[in-house]
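Chain by chain, the residues:
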Amino acid sequence: MTISTGRTRQVDVPAESGSGPVHALLPSDVPVQLIDLDGKEHHDPRYPLPGSGMLQDAYARLVAGRRINDQANALVRQGRLAVYPSSHGQEACQVAAAAVLQAQDWLFPTYRDSVAVMSRGVDPLQVLTLLRGDWHSGYDPYEYRVAPQATPLATQLLHAVGVAHAAKLKGEDTVVLALCGDGATSEGDFHEALNFAAVFHVPVVFFIQNNEYAISVPLKNQSVAPSLAHKAVGYGMPGERVDGNDVAALLSVLGAAVERAREGGGPSLVEAHTYRMQAHTNADDATRYRSAEEVQGWVSRDPVVRARTYLRAAGLLDDEREEALAAEAEALAAAMREGLNTDVDPDPMALFKHVYTRATPQLDEQAELLRGEIGRSGPSGDAPENGEPECSDSEPGREPGGDPGGDPESGEPGGSPAANSHPETPGTSSAQR
Amino acid sequence: MAANATDTRPEARDLDGEAPSGSESLTFAKALNAALADEMAADASVVVFGEDVGPLGGVFRITDGLTARFGTGRCFDTPLAESGIMGMAVGMAMNGLRPVVEMQFDAFAYPAFEQVVSHVAKMSNRTRGKVKLPMVIRIPYAGGIGGVEHHCDSSEAYYAHTPGLTVVAPATVADAYSLLRAAIRLNDPVVFLEPKKLYWSKETVDLAALRQAADEAVRTGREVPGGIGTAAVARTGTDATLVAYGPSVSTALAAAAAAEAEGRSLEVIDLRSIVPYDDATVDESVRRTGRAVVIAEAPGFASVAAEIVARIQERCFHSLAAPVLRVTGFDVPYPAPKLEHWYLPGVDRILDAVDELQWDEPAAENEGTGSMEAGSLETRSSPRSGSSEARR
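Residues numbered from 1 in each chain as written. Chains lettered and ligands numbered in written order. Predicted model: local features only at pLDDT ≥ 70, side-chain atom pairs only at ≥ 80, totals over all residues. Heavy atoms only, no water.

Peer 1: Give a detailed account of the overall build of chain B, specifying residues and quantitative values.
Peer 2: Helix and strand content of chain B: 15 helices and 14 strands. Look at the contacts in chain B between residues 6 or more apart in sequence, and 80% of them connect residues 24 or more apart. Accessible area for chain B stands at about 13900 Å²; split by element, carbon and sulfur atoms hold 54% of it. (Helix = DSSP H or I, 4+ residues; strand = E, 2+ residues; numbered from the N terminus. Contact = heavy atoms within 4.5 Å. Areas by Shrake-Rupley, 256 points an atom, 1.4 Å probe, with all protein chains shown as cover.)

Peer 1: A description of the environment of alanine 326 of chain A should follow, citing residues and the corresponding values.
Peer 2: Mapping alanine 326 of chain A onto the fold places it in helix α14 (residues 319–341). Looking at alanine 326 of chain A, the relative accessible area reads 40%, which means it is partly exposed. (Buried < 20%, exposed > 50% of the residue type's maximum accessible area, 1.4 Å probe, protein only.)

Peer 1: Provide a residue-level description of the layout of surface pockets, including the pertinent values.
Peer 2: All names here are of chain B. Estimates place the volume of the largest pocket at around 780 Å³. Looking at the largest pocket, it is lined by 30 residues, and the ones nearest its centre are Ala160, His161, Thr162, Pro163 and Val275. With 4 residues, the single largest contributor to the lining of the largest pocket is helix α12 (residues 304–316). Grouping the amino acids of the lining of the largest pocket by side-chain chemistry returns 18 nonpolar, 9 polar and 3 charged. (1 Å grid on protein atoms, 1.4 Å probe; cavity = no way out; pocket = protein on both sides within 12 Å on 5 of 7 lines; lining within 4 Å. Points joined across faces, edges and corners; volume = space filled by probe spheres on them. Nonpolar A, V, L, I, M, F, W, Y, C, P; charged D, E, K, R; others polar.)

Peer 1: Got a sec to walk through the interface of chain A and chain B? Specific residues and values, please.
Peer 2: Listed per partner, the contact involves 66 residues of chain A and 55 residues of chain B. Roughly 4500 Å² is buried in total at the junction of chain A and chain B, and carbon and sulfur atoms are behind 53% of that figure. Among the residues chain A hides against chain B, the three largest losses belong to His159, Phe196 and Tyr356 of chain A. Together they make up 14% of the total. Here chain A is connected to chain B by 3 salt bridges. Of the charged contacts in the structure, one is a salt bridge between arginine 315 of chain B and glutamate 365 of chain A, with a shortest N-O distance of 2.8 Å. Linking chain A to chain B there are 26 residue pairs in polar contact (both at pLDDT 80 or more). Listed by contribution, the elements that provide at least two residues to the side of chain A that touches chain B are β1 (106–108), α7 (141–144), α8 (155–170), α9 (188–200), α15 (361–377) and α16 (417–420) of chain A. Ranked by residues supplied to the side of chain A that touches chain B, first place goes to α8 of chain A with 11 residues. A class-by-class count of the residues in the side of chain A that touches chain B yields 27 nonpolar, 23 polar and 16 charged. (Buried area = accessible area lost by both parts, 1.4 Å probe. Salt bridge = Lys/Arg side-chain N within 4 Å of Asp/Glu carboxyl O. Polar contact = N/O pair within 3.5 Å; in protein donor to acceptor, adjacent residues only side chain to side chain.)

Peer 1: Tell me what's going on with the pattern of salt bridges, and back it up with residues and numbers.
Peer 2: Tallied over the entire structure, the rule returns 39 salt bridges over all chains. The partner of glutamate 240 of chain A in a salt bridge is arginine 46 of chain A, and the shortest N-O contact between them spans 3.8 Å. Here the residue glutamate 240 of chain A occupies a position in strand β6 (residues 239–243), and arginine 46 of chain A occupies one in the loop between α1 (21–25) and α2 (52–77), the gap between them amounting to 194 residues. Owing to a relative accessible area of 9%, glutamate 240 of chain A belongs among the buried residues under this scheme. For aspartate 279 of chain B, the salt bridge goes to arginine 311 of chain B, with nearest N and O atoms at 2.8 Å.

Peer 1: I'd love a proper account of the packing of helix α4 (residues 82–94) of chain B against helix α5 (residues 113–120) of chain B, names of residues and values included.
Peer 2: All names here are of chain B. With their axes 8 Å apart at the nearest point, α4 and α5 run at an angle of 25° to one another. With respect to each other, α4 and α5 are oriented roughly parallel. Across from Ser83, Met86, Gly87 and Val90 in α4, the residues of α5 making contact are Gln115, Val116 and Val120. Across the contact of α4 with α5, the residue classes break down as 4 nonpolar, 3 polar and no charged. (Axes fitted to C-alpha atoms, helices over the stretch in contact; angles between N-to-C directions. Parallel < 35°, antiparallel > 145°, perpendicular 65-115°, else oblique.)

Peer 1: Explain the sheet that holds strand β3 (residues 75–77) of chain B residue by residue, including any values.
Peer 2: All names here are of chain B. Overall, mixed pairing links the 7 strands, which are arranged β3-β2-β4-β5-β7-β6-β12 in an open sheet. Two strands close off the open sheet at either side, each with one partner strand: β3 and β12 (273–275). When the angles between neighbouring strand axes are averaged without regard to direction, this sheet yields 20°. Where strand β6 (residues 166–168) and β12 come together, 2 bridges link them in antiparallel fashion. Bridged to valine 168 within β12 is serine 273. Sitting on the sheet, helix α2 (residues 28–42) is in contact with β2 (46–50), β3, β4 (98–102), β5 (136–141) and β7 (190–195), with an inclination near 130° to β2. (Pairing = 2+ DSSP bridges.)

Below, the structure is given as structure tokens:
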């Protein structure tokens, strides 16, 4: 089999390292693939094809993810979202990242991983809060075990290591999957996170979505390593490369890495070779740094089409199911449109919430100042009529102004995840599940 | 190096060397060590990590014995990577632990600055308070020890300027103990600045009483008494107020002692807590004395000292007999050891500034009223000349 998904530089492994410890850490010479470009099964003795139910479920999420990406892009054009970093073309990575985790595991996403977060069960509207403009993060990380989406590159990888290290110290059965892109591998925190994870032997899977560009900078200007997965060897952890547009291979490879971590095998690194079909964000002109021919070359590798071809041929998908999935995706998009077409009017007094457990006297003075300004702005002004200092959290089911974390008097040490979670918060997107 | 004026607080002086029962002579470093050990004993979620904090006990021995007593799961060495230490602490705090990390030296913390600013300070706010980060960042800081470059920075302004961080700096042995325990118990991240030059200073303190008070607070879920958000009056006086924190408090106390010999009564405020800042204690003192000098080691431009001066001028203007002055380090990189005594604000520089406070005009008498008639600048704008010479 020959594939050329992006960067597939061949690696010369010294003969003497043949079956030694270094060799055991090295990734495959070519990315693992279980369903080929024609939608046919490609047997790999190391990685079994996921079960048909898992593939059917993944396809449903792929269809929803594609629709979410397209809808979000449209909402940017309508001015309803400030920005949307689309994962169009990378949906298989997004779906697999969420699918291989259990309820007690953690996902650490980046700004481009909205579909992965939604696949984890977070309501799309809560995911899009970051990009909509009324608050930096819209969901409760403890409820879904999904960290806030990170915008600085690679910083969240260290948080993932910390969560895993704490889990290990506490004896929890928790695996942490941390996402980043190819550009993030150049950051110091990427190095420190992998090194810390290996030294402390914690249950983390680092998952790089190598989509060939860090905004405009191509991978060849980012790294000259044989592959990004090869970096794992330097930290003493195994690396693996996988076809990032093959959801079956992703499920199998990531699933094996998660299982390995769960069983005490320590961290590992998985690099998915994929492609960002659209610009970095709406503010980016991708035609300035890549050719139409290059982009066109990736159309035939589309992750949604490939999974569909396989499932149809295997008799695991029929017209009726496809129509149902399309309708579900359409309903999801409609809910997004409806939710985002409602103007949000954040309470300006919320500015002072959650900076500290207890506001400083200086913040109290500034809150008074703003309250006065709100009072002068009148009923037609930008401020809501409600001048209360409480943050009017908009999520349904929350107590207005509630600050469940602000309990300095409780004496609870550190707030365990259980203590920090809020089961009364309404549930997940039923459309997505 | 400035005189290390310990035992100059009123209560310490009153003891006159006679330690009451339960009191013991303790170094600043030992007090910090005791605070860490006591918190770890009281709360299994407290973990200590950093570079060389394990078997070595830290380069300043602040974590001495913690690994032996609590095991490598509770106090451990990390790879040499400050951002890694800081970022891992974020995740550990997210997952229910109370990390206390050591940055080894002030300037070594800069590689971790992005983690501090982008995540440590903001995690609560960006998650609407859902994710609290109860963590303490211990930084041996400031100069006066003859350290080589990158070992003596005063970095408090960077942290104080970042919303979401609590920033404290103890100046006494008792505060070192209680403030650290209070910091570990706080549900917000705390930058805990430890003046290096004070590590070996000794005071007689009633550690048993401090320990009992902290233990009782932990047990009952109350706030540990320790001074977060409250300044202390380190020395009472009537003629002018010296505002200082951390390493500058002992210098300010030495200056006040020297001024007393010259017949001038200076009050010394030890801020202890830079964020939250205790306006009330500072304002009360300055309105009473009518004059103020703010003292800090850091370069003065855009500094914490500058902020304090601005706040005093804004809030106490009508009680002031003179412009509020600041005595700080120069706006230069921290100097090499043989030059640091020229850089550090010492007793003479403080007294010179005190001399500049327009002593031929009466101080405001009507403090607290905010009355306009008491504060017209024109009535007291006659600068004195030769005041410094008069003192010398």
